[in-house]
Amino acid sequence: LIGNVLVSSAFVGYIGGFSAHFREKLWRKEWVRDLLERDLPCASPDSIDPLALLTNTTQIIQMTNEGLPADRISLENGAIITSCTRWPLIIDPQEQGIRWLRQRYARRLSASEASKPGARPGSPVDDLSASPADSSAG
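Residues numbered from 1 in each chain as written. Predicted model: local features only at pLDDT ≥ 70, side-chain atom pairs only at ≥ 80, totals over all residues. Heavy atoms only, no water.

S.K.: How would you summarise the pattern of salt bridges if you had to cite specific residues and measurements?
M.R.: Proximity of charged atoms lets side chains of opposite charge pair with each other. Under the criterion given, the structure shown has eight salt bridges. Residue Arg33 is joined to Glu37 by a salt bridge in which the shortest nitrogen-to-oxygen separation is 2.8 Å. Taken together, the residues span about one helical turn, with Arg33 and Glu37 both in helix α2 (residues 20-37) at a distance of four residues. Residue Glu66 pairs with Arg104 through a salt bridge whose shortest N-O separation is 2.8 Å. With Glu66 in the loop between α4 (57-65) and α5 (72-83) and Arg104 in helix α6 (residues 96-104), the pair connects residues that are 38 residues apart, well separated along the chain. Residues Glu66 and Arg104 agree in their burial class; the two are buried. A network of salt bridges, in which partner residues are shared, links Arg23, Asp49, Arg72 and Glu76. (Salt bridge = Lys/Arg side-chain N within 4 Å of Asp/Glu carboxyl O. Helix = DSSP H or I, 4+ residues; strand = E, 2+ residues; numbered from the N terminus. Buried < 20%, exposed > 50% of the residue type's maximum accessible area, 1.4 Å probe, protein only.)

S.K.: Explain the side chain of Asn77 to me, using residue names and the numbers behind them.
M.R.: Tracing the chain through its elements places Asn77 in helix α5. We classify Asn77 as buried; its relative accessible area is 10%. A distance of 2.6 Å separates a polar atom in the side chain of Asn77 from a polar atom in the side chain of Arg23. Contact partners of Asn77, with chain neighbours within four places excluded, come to Gly16, Arg23, Ile90 and Ile91. (Polar contact = N/O pair within 3.5 Å; in protein donor to acceptor, adjacent residues only side chain to side chain. Contact = heavy atoms within 4.5 Å.)

Written as structure tokens, this is what we have:
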């Protein structure tokens, strides 16, 4: 439905830089309310969940097996990253996400690091040549 897609798109595009509390307030209280006020077709307001719309159980299990913590905000961040065609803004104060990214994209990171002049293994992730969505098939 159009409303579900709008909430999911806005979630991927805009919500990565906010806290868990503000994220939920924004999509549940603001965006869904706006859909209803504009009479846009969507699932029942209580059933719209961007995480459920962007992922499935298999993808969540895969992300947690790759080292992503199983808490809601980490899974949301993982869903945002795997749904993007470019690198999104994600707040990661405990660096759990960066460890997951290194694990998930280790082969590409190794190839990218090896191709840079003066690169050394184990250096921080500065640039991966492809977007996260490109590797979801592999």
